[in-house]
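# An overview of the molecular structure
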Amino acid sequence: MFRFLPVIACLLLLSQALPTHAAPGDLPPEVKGFLKQHCLSCHATDVKEAKVDLQALSGEMSERSQAALWTRIYDQVNLGQMPPAGETRPAEKDRKAFLKSIESRLEIADRKLREVVQRRLNREEYQNTIRDLLAIEIDVKQLLPEDQQAGGFDNNGEALSISAELMGQYLKAAEAAIDAAIVHGPQPKTTTFTVDPAKEIKPLIPKQFGLVDGRSVLYTTDTGNYSKIATREKRVPVAGRYRFKFEAASHFSKQPVVFNARVSDFHGLAATNIDLGYYEVGAEPKVFELEATVGARSAIQFFALDLPRWLKDTSSGEFAGVEIGPVEITGPLFDTWPPKGHQQLLGDLDLAKGKLADAEPVLRRFIARAFRRPATDAEVQGYLALVQGRLEAGRSFETGLKSGFVAILCSPNFLYLREDVRSDSQRISDYELASRLSYFLVSTAPDAELLAAAERGTLHQPEVLRGQVERLLDDPRHERFINDFTGQWLKLRQIEATVPDPKVYTDFDDFLKWSMVEESRGFFRTLLTENLSIRNFLDSDFALLNRRLARHYGIEDVQGVQVHKVPLPKESVRGGVLTQAAVLKVTANGTNTSPVVRGVWVLENILGQAVPPPPPNISAIEPDIRGAVTIRDQLSKHRDNESCNTCHRHIDPPGFALESFDPTGKFREQYLRYHVEPQNRDKGWGKIVTAGKVDPSGQLSTGEKFADLRELKRLLVQQEDRFAHCLTVKLMTFALGREMGFSDRKPIAEIQQQAAAQGNGLRTLIHTIVASPAFSTP
């Protein structure tokens, strides 16, 4: 059970007692009078309803706990959830006076309590920055531990500390990156060779595989990571970028067939698998050319989709399948030699002949790019001294210079987004603004154009800043922003966390899972690119679908592998993020769904309403897999407890509406379960049976009733302002790398109002956020 008590939610953190029944003496009369008239009768020392003692309330807001408490009080009174329903409502003038008095105090307290936290690069930002800085494709993210989240995002400075152990990992990552960027000797020879997958499957033809016009035929779908249609016979000799060229076609199928290509090094449990994507082919053979950076001894594999999992005998050749021809492999490929990263790092410097004097310009150039601002003479001399020390110890010039590079990449000036507080300015510098903007929209260090604007001192100018936002939103790297933000706001990163029960959800596969994520990302991308209203997140008349996902949704006449904008049939249950399969999957556990989990998701991510965790003495409600008692029945009894009811009356209604969708996001009217037949209990054999009818109706805590999700979405659209506020807060939290406090509320309200006046487009909202003084404030 989740506690969200309208009577006391604003008071959950109270713990200190006041000496008398009167409100604190350091509060204005309107505050003391309001508390005494409307609150103390239930929450005083001698009553303490729900264990809350209002006389523990202190007027002092200089401590975080008290400021947080008063913020919750403000919100509950402002939302009309305190005093509770059934109690005498305060006069509007008294309520406004109470709120105004608290508001001014809280703004001052929040500004005083806020610390300027230097934000460390998280794993994604670190990897992107290293790759762009050195023009390499090395995976350094795997060397670092996962980042913690705060405020819903893992780029929050409060959660990004550095330990001695982490510094050791940064040292290893930096050494690996520098080693990957620097090359020696002549360009490795690029070779081309051809591998025919038919050689590996020859003993299995024709009973399990086929051979048509020199192309191997795959008749079944394999859900693992190993396929016999592969180039294992001759793997790539060294790590690098390779091109895989082959011909493919559908086999004995009226419809196009989809296949997946992956590269693996087959290192057992530690194998690296690189997904090259999903592709569609028809009867007419088509040539594919795929490029990927792969490890040594890697091979490409092919997997068919939407085919039977098993066939006894395919000798007749009259089964649908996909034909894969011999694969021509070319590589390693180089655009230039030495590679771009080597040139960016060293220029024309010959490491074998280098002297100490040669290190100074190289270090100065690298420091400026790594620190995202011009290097100071002191910094250059400090790292030059490190190189000199290595040389004096008898080490080679290359070793000494590498030590300098590694030290730069382990410096706080690289690992942190440094934003210095200046007494003569209320905004960050243009260089700091360049970094803040770049890490917001492309998740990497500012490029040459941003740094040039910072150097000219013009980046903060509105027209220049707007132009840079437009440029970055049109840059292909903005996909990083889409993936990072939706991955955390919509919880898409958790798509792998559960696996739907294969006995019940038999049509779930990797292609569907991939399509789910592509839909949600594509939807966000479409709103951003076309500057469509954020109202579409609540409900829309289109969706981003491919053939696989459309079939899952029961929508006809949609073709293709890539998701694209598709008009929805009138009165379709789809539209908006609530009905996207990825969201529905990450809010289920793979086997069952819970109105509580999904309801909390709606409150927190759509309406911006924080939901505290349940008390430790309240057991969770689990669905009755026998179907004897519905989860709605269980929750109804749960709400007989008053303290539970005041929480669940907010949470449960949107969750009930979302019960119309199973753990894979498929629409349902009946619950399903797998019934093991008594005579086959030892084998676990059984069948899928119904387990009760879904009831998607409900009533919001504000009184509005709805029959199903369509009606709930209409009610949510009427609360567009609440969603706009929620989304603005989340974008601001992500952009600034910190949680929003009480003193941020006025800037957020101004951003929201300005964006609404311009149509509430998603792109407009981002422009408005960046243009806000709050974006340039330390």
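Now for a quick tour of the structure. Since we're looking at a predicted model, the values are computed, not measured.

So, how was this worked out
- Each chain carries its own residue numbering, running from 1 in the direction its sequence is written.
- Per-residue local features of the predicted model are confined to residues with pLDDT of at least 70, and side-chain atom pairs are confined, for both listing and counting, to 80 or more; whole-chain, interface and lining totals are unaffected and use all residues.
- The side-chain values count all of the structure's non-hydrogen atoms but skip hydrogen atoms and water molecules.
- In this text, helices come from DSSP runs of H or I with a minimum length of four residues, and strands from runs of E with a minimum of two, each type numbered from the N-terminal end.
- Working definition: with a 1.4 Å probe on protein chains only, accessible area under 20% of the residue-type maximum means buried, over 50% means exposed, and in between means partly exposed.
- The contact criterion used throughout is that any non-hydrogen atoms of two residues lie within 4.5 Å.
- Methods summary: accessible areas were calculated by the Shrake-Rupley approach with a probe of 1.4 Å, and residue burial reflects only the protein chains presented.
- Stacked, edge-to-face and tilted labels apply to pairs of Phe, Tyr and Trp rings (six-membered ring for Trp) whose centres lie within 6.5 Å, assigned for plane angles under 30 degrees, over 60, and everything in between, in that order.
- Look at NZ for Lys and CZ for Arg. If either is within 6 Å of the ring centre and within 35 degrees of the ring normal, a charge sits over the ring.
- Salt bridge, as applied in this entry: a Lys or Arg side-chain nitrogen positioned within 4 Å of an Asp or Glu carboxyl oxygen.
- We define the nonpolar core as a collection of buried residues of types Ala, Val, Leu, Ile, Met, Phe, Trp, Tyr and Cys that are connected through side-chain atoms lying within 4.5 Å of one another.
- A pair of strands is treated as paired once DSSP finds two or more bridges between them.
- Axis definition: a line fit to C-alpha positions, over the contact stretch in the case of helices; interaxial angles, taken between N-to-C directions, run 0 to 180 degrees.
- Crossings are classed by handedness, with left-handed meaning an anticlockwise turn of the near helix from the far one by less than a right angle and right-handed meaning a clockwise turn.
- Each residue gets one label: Ala, Val, Leu, Ile, Met, Phe, Trp, Tyr, Cys and Pro are nonpolar, Asp, Glu, Lys and Arg are charged, and the others, such as Gly, are polar.

### Examining the overall build of the chain
Within the chain, the secondary structure is distributed over 25 helices and 18 strands. Within the chain, the proportion of its 778 residues that are buried is 52%. If you take every contact in the chain between residues at least 6 apart in sequence, the share linking residues at least 24 apart comes to 73%. Summing over all exposed atoms, the chain offers an accessible surface of approximately 35,300 Å²; the carbon and sulfur share of this is 51%.

### Describing the packing of aromatic side chains
One pass over the structure, following the stated rule, counts 37 aromatic pairs. Between Phe246 and Phe302, the aromatic rings sit 4.8 Å apart at their centres with planes inclined by 65 degrees, giving edge-to-face as the arrangement. Remark: Phe302 occurs in strand E9 (residues 299-304) and Phe246 occurs in strand E5 (residues 240-251); sequence separation between them is 56 residues. What links up through ring pairs into an aromatic cluster is the set Phe153, Phe440, Phe481, Phe485, Trp489, Phe523, Phe524, Phe537, Phe542, Phe723, Phe734 and Phe775. Across from the ring centre of Phe542, 4.7 Å away, lies the NZ or CZ of Lys565, which sits over that ring. The aromatic ring of Trp685 is capped on one face by Lys683, whose charged end is 5.3 Å from the ring centroid.

### What about the pattern of salt bridges?
Under the defined criterion, the tally for this structure stands at 50 salt bridges. Of the charged contacts in the structure, one is a salt bridge between Arg120 and Asp147, with a shortest N-O distance of 3.5 Å. Taken as a pair, Arg120 in strand E1 (residues 119-120) and Asp147 in the loop between helix H4 (123-134) and helix H5 (164-181) lie far apart in primary sequence, 27 residues in all. Arg120 sits in the buried class, given a relative accessible area of 5%. The shortest N-O distance in the salt bridge between Arg215 and Glu323 comes to 2.8 Å. Of this pair, Arg215 sits in strand E4 (residues 215-218) while Glu323 sits in strand E10 (residues 321-324), and the two are 108 residues apart along the sequence. Its relative accessible area of 8% is what places Arg215 among the buried residues. For Glu323, a relative accessible area of 5% corresponds to the buried category.

### A few points about the nonpolar core
The biggest cluster of nonpolar side chains holds 92 residues, and the ones touching the most others in it are Phe481, Phe537 and Leu727. The contact partners of Leu727, leaving out residues within four places of it in the chain, are Phe485, Trp489, Ile534, Phe537, Leu762 and Leu765. In this structure, Val140, Ala370, Leu401 and Cys410 belong to the second largest nonpolar core, which totals 45 residues.

### Side note on the sheet that holds strand E6 (residues 257-264)
In spatial order, the strands read E7-E6-E9; together these three strands make up an open sheet with antiparallel pairing. Every interior strand has two partners, whereas the edge strands, strand E7 (273-281) and E9, have only one. Direction aside, the axes of adjacent strands within the sheet are offset by 25 degrees on average. Bridge analysis of E6 against E7 gives eight bridges, and the strand direction is antiparallel. The partner of Val258 across the bridge, within E7, is Glu280.

### Structural notes on the packing of H4 against helix H8 (residues 356-371)
Contact geometry of H4 with H8 gives a least axis separation of 11 Å together with a crossing angle of 145 degrees. Once H4 is placed against H8, the crossing between them reads as right-handed. Contacts from Asp132, Leu133 and Leu134 of H4 reach H8 at Phe366, Arg369 and Ala370. For the contact of H4 with H8, the residue count by class is four nonpolar, no polar and two charged.

### Some words on the pairing of strand E13 (residues 542-545)
Within a regular strand, the side chains alternate between the two sheet faces. Taking every second residue as pointing to the same face, both faces of E13 are buried, with Phe542 and Leu544 on one and Ala543 and Leu545 on the other. Relative to strand E14 (residues 564-567), E13 runs antiparallel, the two being bridged by four bridges. Residue pairing in the sheet places Phe542 in a bridge with Pro567 of E14.

### What to know about unusual backbone geometry
Glycine aside, a negative phi is what most residues show, and trans is what most peptide bonds show. For the bond from Ile205 to Pro206, the omega torsion is 10 degrees, close enough to zero to count as cis. Along the chain, the position of Pro206 falls in the loop between helix H6 (198-201) and strand E3 (209-212). Trp337 connects to Pro338 through a cis peptide bond whose omega is -5 degrees. As for its position among the elements, Pro338 is in the loop between strand E11 (327-331) and helix H7 (340-346).

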